[in-house]
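So the chains spell out like this:
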Amino acid sequence: MPYSAHPPLPAEVLLELYAHARREAPRECCGVVYGEPLQEPGARWLVRPARNIQDELHAEDPAAFPRTAATAYHLDAESLFALARSLGTAAPARVVYHSHLEAGAYFSATDQEAARLGARPAYPVEHLVIDVRGGRVWGAAQFAWSPAAAAYVKVHSYPGE
């Protein structure tokens, strides 16, 4: 059984993520969900959309960054710094999210590679991929690190709108 640091995301958080994904289409959206442990009464979660700088990276160096924001994402530096600073606080980063356009809610080989430093997770977070097709959110899937599999594996599936 894969490790899941926390239960499924609350419906109101999902709706906020879905709205962000729809607004950003036809570009992939990305961001971070911060929060207290859901097991605590009155736990609060905060969605922080990030700026997807994939198009900027592609424009600067298309050989190193061959994909555009239509098929890839890259969190901006400010969002990455905020994520790192949050670790060890009362409301750390819990989930990094991004959307897939016309491709489904799966954690691709590219996603797996980007979420790791070598053979280990880059950050102690889970990942959520939102499936956007035809301008509509069809669902999402959440992935957590599995030491046994040495990979991120699906731990939760969510319905679309």
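Residues numbered from 1 in each chain as written. Predicted model: local features only at pLDDT ≥ 70, side-chain atom pairs only at ≥ 80, totals over all residues. Heavy atoms only, no water.

## Observations concerning the overall build of the protein
Turning to step 1, where the next piece is worked out: Within the protein, the secondary structure is distributed over four helices and eight strands.
Turning to step 2, where the next piece is worked out: Walking the protein from its N terminus toward its C terminus, one meets helices and strands in the order α-β-β-α-α-β-α-β-β-β-β-β.
Turning to step 3, where the next piece is worked out: A globule of 161 residues ought to have a C-alpha radius of gyration of about 15 Å, and the protein, at 15 Å, matches this closely.
Turning to step 4, where the next piece is worked out: The C-alpha extent of the protein, read off along each of the three principal axes, is 45 × 35 × 30 Å.
Turning to step 5, where the next piece is worked out: Looking at the 161 residues of the protein, the share that counts as buried comes to 45%. (Helix = DSSP H or I, 4+ residues; strand = E, 2+ residues; numbered from the N terminus. Rg over C-alpha atoms; globule rule 2.2 N^0.38 Å. Buried < 20%, exposed > 50% of the residue type's maximum accessible area, 1.4 Å probe, protein only.)

## Regarding the layout of surface pockets
Turning to step 1, where the next piece is worked out: Volume-wise, the largest pocket comes out at about 770 Å³.
Turning to step 2, where the next piece is worked out: Taken together, 33 residues make up the lining of the largest pocket; nearest its centre are Tyr 73, His 74, Thr 110, Asp 111 and Ala 114.
Turning to step 3, where the next piece is worked out: Of all the secondary-structure elements, those providing two or more residues to the lining of the largest pocket are α3 (77-86), β3 (93-101), α4 (109-114) and β4 (116-117).
Turning to step 4, where the next piece is worked out: Taken together, the residues that form the lining of the largest pocket break down as 20 nonpolar, eight polar and five charged. (1 Å grid on protein atoms, 1.4 Å probe; cavity = no way out; pocket = protein on both sides within 12 Å on 5 of 7 lines; lining within 4 Å. Points joined across faces, edges and corners; volume = space filled by probe spheres on them. Nonpolar A, V, L, I, M, F, W, Y, C, P; charged D, E, K, R; others polar.)

## What to know about unusual backbone geometry
Turning to step 1, where the next piece is worked out: Following Ala 25, the chain continues into Pro 26 via a peptide bond in cis, with omega recorded as 20°.
Turning to step 2, where the next piece is worked out: Here Pro 26 shows up in the loop between α1 (11-24) and β1 (30-35).
Turning to step 3, where the next piece is worked out: Of note in this structure, Glu 102 is not a glycine but carries a positive phi near 55°.
Turning to step 4, where the next piece is worked out: Structurally, Glu 102 can be placed in the loop between β3 and α4.
Turning to step 5, where the next piece is worked out: Residue Glu 102 is classed as exposed on the basis of its relative accessible area of 56%.
Turning to step 6, where the next piece is worked out: The phi angle at Ala 150 is positive, at roughly 50°, despite the residue not being glycine.
Turning to step 7, where the next piece is worked out: On the basis of relative accessible area, Ala 150 is assigned to the partly exposed category, the value being 44%.

By themselves, these are just geometric observations and shouldn't be taken as functional.
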